[in-house]
Amino acid sequence: MQALNAKVFILTGGPGVGKTTIVKSLLAILKDQRLGVALCAPTGRAAKRLSETTGWPAKTIHRLLEFDPKRFRFQHDQDNPLSVDLLIVDEASMLDIVLSNNLLKALPSHAALFLIGDVDQLPSVGPGRVLADLIDSKTIPLVRLTEIFRQAASSRIIVNAHRVNRGQMPLSAPESTELTDFYFIEAEPEAIPDKILSLVSERIPKRFKLHPVRDIQVLTPMNRGGAGAHALNSALQEKLNSEAAPKIHRFGSTFAPGDKVIQQLNNYDKDVFNGDIGHIAAIDLEEGCLQVDFEGRLVVYEFSELDELSLAYAMSIHKAQGSEYSAVVVPVAMSHYRMLARNLLYTGITRGKRLVVLVGQKKALGIAVRAGQSHQRVTLLRERLAGCWKQRV
């Protein structure tokens, strides 16, 4: 009722509490009202998942606002607003202050705004903490869902995600031969990379019938170190795709057909954005270019443009925001000490749909669970909202 009656509304909560069900119900109510409803999310993967779960078309915010690379600005703004009566934004925890500003400028004054997101996840990669500030300002109608529904409660991923979010250690897997969806494998720091290689290439594919490249994603707190994204990417590439040819070496990385890669920055000319994941489809040595398949859409890169791509067998947890994977493997080591935080671990765990495996030291896991949130950001949005609201009242 609040969502249907409020001009601006926020729905937040962890996994398995019914956010998707409420959105689907809301859309079912509005279907026959002849209203212009638009759905969007900050990343392509999040938009695709929103479309799959609701059955309604969804776009990235950049595509919704129609970025014009020639003028380097969005086509939709306060002078050319969107033709919508209701805008639904999923994964709102990923919204930074700049993108939020552009999105709200393009929203017509008569339209309503519905923000959905898990405020306990990591904040946006860009500046600000928009969703958290909107909630903390206490000026916007809000519903925080807390009850884990019966079907979701059978998943140890969901149960342990909520335990971690409450500052409790995750429950260990039962001592039986029966498969579960959450494991913690204890390992000394020097053994973590080898254990991850074994899990991704052999143990998980064999026991869970998952593809080591398409279905399994390694997520790590840091890029550097033996259990960081850089080292793990090289090791996993050698283990999973060593025989592919031809190979090219550019900007400190080796690329070959079949490699999983991630776009590192927004490229409006190619219509690919920071965090988009694809697979190298072909390399043309004569033409000096390669093709990347981004979920069925082929994008051509000149060899000189390959600084925009990185291997993506392993990536930082920050880069995985807004995405979900069949299986997630997360190293947890004391070498990541300065990055160990509850919302980082929570975000990593909630990226997994069918399986989550934590590999590392119990001491590091305990520090992450007890550490609270990562470094606080200094913002003024909360204070400005509260002040403006008081003036208007």
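This write-up is about the structure you can find in this document. Computed from a predicted structure; not experimentally measured.

### Re empty space enclosed by the protein
Under the criterion given, the structure shown has one cavity of 30 Å³ or more. Counted as a void, the largest cavity has a volume near 40 Å³. As for the largest cavity, its lining consists of Pro221, Ile317, Val330, Pro331, Val332, Leu340, Ala341, Leu344, Leu345 and Ala368. Those elements that provide at least two residues to the lining of the largest cavity are β19 (325-332) and α11 (342-349). No other element matches the three residues that β19 contributes to the lining of the largest cavity.

### Remarks on the pattern of salt bridges
Applying the stated criterion across every chain, the model contains 12 salt bridges. In this structure, Arg73 engages Asp77 in a salt bridge whose closest nitrogen and oxygen atoms are separated by 2.3 Å. By relative accessible area, which is 37% here, Arg73 ends up partly exposed. Connected through shared salt-bridge partners, Arg45, Lys48 and Glu295 make up one network.

### Observations concerning the sheet that holds strand β8 (residues 142-145)
Strand order in this open sheet of six strands is β3-β2-β6-β7-β1-β8, and the pairing throughout is parallel. Bordering the open sheet on either side are β3 (58-60) and β8, each of which pairs with just one other strand. Ignoring strand direction, the axes of neighbouring strands in this sheet form an average angle of 20°. Across four bridges, the pairing between strand β6 (residues 86-89) and strand β7 (residues 112-117) is parallel.

### Comments concerning the nonpolar core
Formed by 40 residues in total, the largest nonpolar core has its most connected members in Ile204, Phe255, Leu290, Tyr301, Val329 and Val357. Residue contacts for Val329: discarding those within four places in its chain leaves Ile196, Leu199, Val200, Ile204, Ile216, Gln217, Val218, Leu219, Val357 and Val359. Core analysis: the second largest hydrophobic core is formed by 30 residues, Ile10, Leu64, Leu95 and Phe273 among them.

### Observations concerning the packing of aromatic side chains
Taken as a whole and judged by the stated rule, the model has seven aromatic pairs. Seen in terms of ring centroids, Phe67 and Phe72 are 5.1 Å apart; in terms of plane orientation they differ by 90°. Their pairing is edge-to-face. We classify Phe67 as buried; its relative accessible area is 15%. A residue is classified by how much of its surface remains accessible, and Phe72, at 61% relative accessible area, is exposed. Three or more aromatic residues joined by ring pairs form one cluster here, namely Phe67, Phe72, Phe74, Tyr268 and Phe273.

### Overview of a negative patch on the surface
Among the surface-exposed residues, Asp284, Glu286, Glu287 and Glu302 lie close enough to one another that they form a single negatively charged patch. For Asp284, the location among the structural elements is in strand β14 (residues 277-284). Residue class for Asp284 comes out partly exposed when judged on its relative accessible area of 32%.

### Description of the environment of Leu4
Counting through the fold element by element, Leu4 comes out in helix α1 (residues 2-5). You can call Leu4 partly exposed: its relative accessible area is 38%. In this structure, the C-alpha to C-alpha distance between Leu4 and Leu26, residues 22 residues apart in sequence, is 7.7 Å. With residues up to four places along the chain from it excluded, the contact list for Leu4 reads Leu26, Ile29 and Leu30.

### Some points on helix α3 (residues 44-54)
Turn by turn, an α-helix covers 3.6 residues, leaving residues three or four places apart pointing in a common direction. For α3, the full list of buried residues reads Arg45, Ala46, Ala47, Arg49, Leu50 and Thr54. Positive phi shows up at Gly55, right after α3, with a value of about 80°.

### Thoughts on the packing of helix α8 (residues 156-165) against α11
At a minimum axis distance of 9 Å, the contact between α8 and α11 shows a crossing angle of 170°. Between α8 and α11, the angle is such that the two are roughly antiparallel. Listed contacts from α11 to Ile157, Ala161, Val164 and Asn165 of α8 are Arg342, Leu345, Tyr346 and Ile349. Residues of the contact of α8 with α11, tallied by class, amount to six nonpolar, one polar and one charged.

### Side note on the side chain of Thr54
Looking at the secondary structure, you find Thr54 in helix α3. The class for Thr54 is buried, based on a relative accessible area of 13%. Only 2.8 Å separates the side chain of Thr54 from the backbone oxygen of Leu50, close enough to count as a polar contact. Beyond its immediate chain neighbours, meaning those up to four positions away, Thr54 contacts Val23, Lys24, Leu27 and Leu39.

### Structural notes on helix α2 (residues 19-30)
Compared with an ideal rise of 1.5 Å per residue, which puts 12 residues at 16 Å, α2 spans 17 Å between its outermost C-alpha atoms and is within 8% of the ideal. Of the residues making up α2, those classed as buried are Lys19, Val23, Leu26, Leu27 and Leu30. What you see down the axis of α2 is that its buried residues fit within an arc of 95°, all on one side. Away from its buried face by more than 90 degrees, α2 exposes Thr21 and Ala28.

### As for the environment of Phe9
Relative to the helices and strands, Phe9 resides in strand β1 (residues 8-13). Between the C-alpha atom of Phe9 and that of Leu113, which follows or precedes it by 104 residues, the distance is 6.4 Å. In this view, Phe9 contacts Gln2, Ala3, Leu113, Phe114, Leu115, Ile140, Pro141, Leu142 and Val143; residues no more than four positions away in its chain are not counted.

### Concerning the sheet that holds strand β9 (residues 182-186)
With parallel pairing, five strands are arranged side by side in an open sheet as β9-β20-β19-β10-β18. The open sheet has two edge strands with one neighbour each: β9 and β18 (314-316). When the angles between neighbouring strand axes are averaged without regard to direction, this sheet yields 25°. Relative to β18, strand β10 (residues 216-220) runs parallel, the two being bridged by three bridges. When the bridges of β18 are listed, Thr220 appears paired with Ser316. Relative to strand β20 (residues 352-360), helix α9 (residues 192-208) is tilted by about 150°, and along the sheet it contacts β9, β10, β19 and β20.

The rules behind these values
Residues numbered from 1 in each chain as written. Predicted model: local features only at pLDDT ≥ 70, side-chain atom pairs only at ≥ 80, totals over all residues. Heavy atoms only, no water. 1 Å grid on protein atoms, 1.4 Å probe; cavity = no way out; pocket = protein on both sides within 12 Å on 5 of 7 lines; lining within 4 Å. Points joined across faces, edges and corners; volume = space filled by probe spheres on them. Helix = DSSP H or I, 4+ residues; strand = E, 2+ residues; numbered from the N terminus. Salt bridge = Lys/Arg side-chain N within 4 Å of Asp/Glu carboxyl O. Buried < 20%, exposed > 50% of the residue type's maximum accessible area, 1.4 Å probe, protein only. Pairing = 2+ DSSP bridges. Axes fitted to C-alpha atoms, helices over the stretch in contact; angles between N-to-C directions. Core = buried A, V, L, I, M, F, W, Y, C linked by side-chain atoms within 4.5 Å. Contact = heavy atoms within 4.5 Å. Phe/Tyr/Trp six-rings, centres within 6.5 Å; stacked < 30°, edge-to-face > 60°. Patch = residues over 30% accessible without salt bridge, like charges linked within 9 Å, V, L, I, M, F, W, Y side chains within 5 Å. Areas by Shrake-Rupley, 256 points an atom, 1.4 Å probe, with all protein chains shown as cover. Lys, Arg positive; Asp, Glu negative; His and termini not counted. Charge placed at Lys NZ, Arg CZ, Asp CG, Glu CD. Parallel < 35°, antiparallel > 145°, perpendicular 65-115°, else oblique. Nonpolar A, V, L, I, M, F, W, Y, C, P; charged D, E, K, R; others polar. Polar contact = N/O pair within 3.5 Å; in protein donor to acceptor, adjacent residues only side chain to side chain. Expected span 1.5 Å × (residues − 1). Arc of directions from axis to C-beta.

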